[in-house]
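Overview (structure and organization)
Residue strings, one per chain:
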Amino acid sequence: MSSRRRSMDSQAVAAGVTGRNGRTSGLTGDLDETIRNIRTELGESPDLKVRRLQIGGARSFQAAAIHISGLADPSAVNEFVIGSLLAEPQKLPEDTANPAMVQAVLLDGILELGDAEVTEGWNDLLLAVLSGDTAVLIEGCMSAVLCDTKGGEKRSVEEPSSQMVVRGPKDGFVESVATNISLIRRRIKSPKLRLEYTRIGTETQTHIAMLYMKEIAGEDLVEEVRSRLNKISMDEVLESGFIEELIQDKTFTPFPTIYNSERPDVAAGNLLEGRVVIIIDGTPFALIMPAVFTQFFQSAEDYSQRFDIAILMRIVRYVSFIVLLLGPSVYIALTTYHYEMIPTTLLINLLSQRETVPFPAFVEALLMEGAFEILREAGVRMPRVIGQTVSVVGALILGSAVVEAGIITPIMVIVVALTGIASFAIPAYNMAIAGRIIRFGFLLLGGMFGFYGITLGLIVLVAHMNSLRSFGIPYLSPFVPLSVKGQKDTLLRLPLWLMKPGKSPEQLRKEMPAYKRVTTGHEAALAPLIRNNDAAGRQEDREDGRDEEK
């Protein structure tokens, strides 16, 4: 995807590139003028470092190494670029007569770098320098040698902060594309893993990587993702949310149709399932597509724990999402329109609590939900040391104060608190936000029409979800359209040997020698102590007996 950009840059250079001062600038062959053009193009930036030097043997040539401090690795620049050029045993041969030959010798035998290339494009030169590379210019040469010396400060690999697990890998993506790709390759050592690079953003020139598994991911899906990325035309791409909003199928929906994750194991697992992963430079969140509704309720820990534990946790998440959507609205509908559905003892208790409350249940719910959202947002935006304390203490003080003041009933505080806790049980943060938004719609319907309004809202919600697509895949699949095979890892997480077609536990387990064959996984741990009455076992026993006699 980047070859077309380089050809366009070369055409632009051939036609002439106009600088800010209105005159033509670029690689002119005059070293002083080229350096002056670079300084002018970058606004005389003080972090632009130019190291002039003489290279060559009997006939020396003037050269310059140009890089930006803070973006390039100082040790790589000093040792492998400048050090290689000035090393006495590696000077140019005496018969080198022109700058082009000097440049060829630099690439072939002098520069001690793993990645170096020649460019004639002015835009390519500027982009490489601004990306952390070092440009080597030679007097009289119309091209430059770009040396890969990217470095600078970057965050080390740490545990993801938004998708934590009790059991499982503890490494997470960082803001470096190269580091994130290496984390995925460490897990998938297959030649089928394909990687494509592109740059998006006329000003930011953000580095973007697209990964997929050949022969596993559909060709139509890969081509569709590639096409949507190439159609993006904007000035800046600062985070993965910029790309997500521009390539998603439907904009006006609260539900996320593209999955994001900062866990390399999640990205690797989705690649092996045939999905496409997009990694954006400058953000630890990778985009995974296509995405379906059930995917947002799956956690990486589901595949690290036993299947029965994973099933329980998934049931808890789906129940929590239902409570998040319908908890306050059901309470409002019951206490406002459907008293007959409440047990008599509880009804009398509720009515006694409401005698001193001046607001209806609908207003109570709006006030408490709004206060809870304010506390949640304040806890997120405040420093981590005091953010959680403010949320907990604020909720306790506010809840007790409004009850004592007779503004809110105690049962409403319980309902709102339970709803807020349920939102934290959903693994995907953007799906939890979608539930919080839709919750207010059901509050309005429940307050106006009771259970009839809630039922109407559910019908509209399911119809809307059924209309969503993620790169052509129905959002509610494998439920709509129904796929029996797809139910193995949706609401439930079946054992691995059931999710693998045609595989049994014995086939998935590593085969043991004939004399150690066992029937259960528990006995596998005791296999050295078990002997069957087969020929191999008897032969080994006889050999052991001879050794003991000797």
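Residues numbered from 1 in each chain as written. Predicted model: local features only at pLDDT ≥ 70, side-chain atom pairs only at ≥ 80, totals over all residues. Heavy atoms only, no water.

1. Thoughts on a nonpolar patch on the surface
Selection rule: Here the term patch refers to residues with relative accessible area over 30% and no salt bridge, with like charges joined within 9 Å and nonpolar side chains (Val, Leu, Ile, Met, Phe, Trp, Tyr) within 5 Å. For the area figures, the Shrake-Rupley method with a 1.4 Å probe applies, and any residue is considered shielded solely by the protein chains shown. Salt bridges are identified by distance alone: a Lys or Arg side-chain nitrogen within 4 Å of an Asp or Glu carboxyl oxygen. Labels follow the DSSP assignment, with helices taken as runs of H or I lasting at least four residues and strands as runs of E lasting at least two, numbered in each case from the N terminus. Burial here depends on accessible area, computed with a 1.4 Å probe over protein chains only, as a share of the maximum for the residue type. Under 20% is buried, over 50% is exposed, and the range in between is partly exposed.
Judged by side-chain polarity, I309, L312, M313 and V316 come together as a nonpolar surface patch covering roughly 320 Å² of accessible area. Inspection of the secondary structure puts L312 in helix α10 (residues 307-336). Residue classification places L312 among the partly exposed positions, given a relative accessible area of 49%.

2. Topic: the confidence of the model for the protein chain
The test is simple: As a per-residue measure, pLDDT tells how confident the predictor is, with possible values from 0 to 100. Whether two residues touch is decided by their heavy atoms; if any such pair falls within 4.5 Å, the residues are in contact.
For the protein chain, per-residue confidence averages 82 on the pLDDT scale, and residues scoring 70 or more make up 82% of the total. Mean pLDDT per element in the protein chain: helix α1 (residues 2-15) is the minimum at 39, and strand β11 (residues 276-280) is the maximum at 96. Predicted confidence for residues 511-538 stays below pLDDT 50, and this span has 27 contacts to residues more than four positions away or in other chains.

3. Comments concerning helix α4 (residues 99-110)
Quick note on the threshold: Each C-beta atom gives one direction from the helix axis, and the arc is the one those directions make.
Within α4, the full set of buried residues consists of P99, V102, Q103, L106 and I110. With its buried residues spanning 100° around the axis, α4 presents them on a single face. Away from its buried face by more than 90 degrees, α4 exposes A100 and D108. Where α4 is buried, its residues touch β3 (48-56), β4 (60-68), α3 (74-86), β5 (116-119), β6 (134-138) and β7 (144-147).

4. Looking at the sheet that holds β6
To keep things clear, this is the line we draw: Strands were regarded as paired on the criterion that DSSP finds at least two bridges between them. Axis angles are defined between N-to-C directions and span 0 to 180 degrees, where every axis is a line fitted to C-alpha atoms and, for a helix, only to the segment in contact.
Spatial strand order, β3-β4-β6-β7-β5: five strands in an open sheet with antiparallel pairing. Of all strands in the sheet, those bounded by a partner on one side alone are β3 and β5. On average, each strand axis in the sheet is inclined to that of its neighbour by 25°, with strand direction left out of account. Packed on one face of the sheet, helix α2 (residues 31-41) meets β3, β4 and β6 and runs near 165° to β3.

5. Some points on the nonpolar core
Where we set the bar: We define a nonpolar core as any set of buried Ala, Val, Leu, Ile, Met, Phe, Trp, Tyr and Cys residues linked to one another through side-chain atoms lying within 4.5 Å.
I184, F255, L271, I279, F293, F321 and M431 are the most contacted members of the largest nonpolar core, which totals 45 residues. Those elements that provide at least two residues to this core are α6 (177-185), β9 (206-213), α9 (264-272), β11, β12 (286-289), α10, α15 (429-449) and α16 (451-467). In terms of residues, this core owes the most to one element, α10, which gives six residues.

6. What about the pattern of salt bridges?
A side chain of one charge can pair with a side chain of the opposite charge if their charged atoms are brought near each other. The tally for this structure, following the rule as stated, stands at 23 salt bridges. Across the salt bridge formed by R228 and E224, the nearest N and O atoms sit 2.7 Å from each other. Linking R228 with E224, this pair stays in helix α7 (residues 219-230), spanning four residues, or about one helical turn. On the basis of relative accessibility, which here comes to 34%, the residue E224 falls in the partly exposed class. E373 serves as the salt-bridge partner of R439, at 2.6 Å between the closest nitrogen and oxygen. Pair noted here: R439 is in helix α15 and E373 is in helix α12 (residues 361-381), with a separation of 66 residues, a long-range link.

7. Observations concerning the environment of S423
For S423, the location among the structural elements is in helix α14 (residues 410-424). Using a relative accessible area of 4% as the deciding quantity, one classes S423 as buried. Through-space distance from the C-alpha of S423 to that of G435 is 7.7 Å; in sequence the pair is twelve residues apart. When neighbours within four sequence positions are excluded, S423 is seen to be in contact with L324, R376, A432 and R436.

8. Here's the deal with unusual backbone geometry
Put simply, M289 and P290 share a cis peptide bond, and its omega is -5°. The residue P290 is located in the loop between β12 and α10 in this model. Of note, the amide linkage connecting V480 to P481 takes the cis form, showing an omega dihedral of -5°. For Q205, which is not glycine, the phi dihedral falls at a positive 50°.

9. Here we look at the sheet that holds strand β8 (residues 193-200)
Strand order in this open sheet of five strands is β8-β9-β11-β12-β10, and the pairing throughout is antiparallel. Looking at the sheet topology across the chains shown, the edges are occupied by β8 and β10 (259-261). Pairwise comparison of adjacent strand axes, ignoring direction, gives a mean angle of 25° for this sheet. Relative to β8, α6 is tilted by about 165°, and along the sheet it contacts β8, β9 and β11. Strands in contact with helix α8 (residues 240-247) are β8, β9, β10, β11 and β12; relative to β12, the strand with the most contacts, it is inclined by about 25°.

10. Observations regarding the pairing of β7
Sheet faces and side chains relate simply in a regular strand, where the side chains alternate between the two faces. Along β7, one buried face is formed by A144 and L146 and the opposite face, lined by V145 and C147, is buried too. Looking at chain direction, β5 and β7 are connected through four bridges and run antiparallel. In the sheet register, A116 faces β7, and the bridge partner there is C147. Two strands pair when backbone bridges link them, and β6 and β7 are joined in this way by three bridges, in the antiparallel orientation. Its bridge partner being in β7, V136 is matched across the sheet by V145.

11. A short note on the side chain of R263
Checked against the element boundaries, R263 lands in the loop between β10 and α9. Beyond its immediate stretch of four places on either side in the chain, R263 contacts P160, Q163, V165, G168, P169, F173 and A300.

12. Quick word on the environment of P474
Here P474 is to be found in strand β14 (residues 473-474). Linking P474 and A291, residues 183 residues apart in sequence, is a C-alpha distance of 9.0 Å. Excluding anything up to four places from it in sequence, P474 contacts V292, L468, R469, V480 and P481.

13. Re the packing of α12 against α14
The relative placement of two packed helices comes down to the angle between their axes together with the axis-to-axis distance. Heads up, the condition is: Working rule for angles: under 35 degrees goes down as roughly parallel, over 145 as roughly antiparallel, 65 to 115 as roughly perpendicular, anything else as oblique. Crossings are assigned a handedness: left-handed for a near helix turned anticlockwise from the far helix by less than a right angle, right-handed for a clockwise turn. Following the grouping adopted for this structure description, the nonpolar residues are Ala, Val, Leu, Ile, Met, Phe, Trp, Tyr, Cys and Pro, the charged ones are Asp, Glu, Lys and Arg, and the polar ones are all others, Gly among them.
Look at α12 against α14: their axes get within 10 Å of each other, and the N-to-C directions meet at 40°. Classed by the angle they form, the pair α12 and α14 counts as oblique. Once α12 is placed against α14, the crossing between them reads as right-handed. Two secondary-structure elements touch here, α12 through A361, E364, A365, M368, E369, F372 and R376 and α14 through M412, V413, V416, T419, G420, S423 and F424. Class assignment for the residues of the contact of α12 with α14 results in eight nonpolar, three polar and three charged.

14. Description of the environment of P256
Here P256 shows up in the loop between α8 and β10. Once the C-alpha coordinates of P256 and A434 are considered, the two residues, 178 residues apart in sequence, prove to be 7.8 Å apart. Apart from residues lying up to four places away in sequence, P256 is in contact with F296, N430, M431, A434 and Y475.

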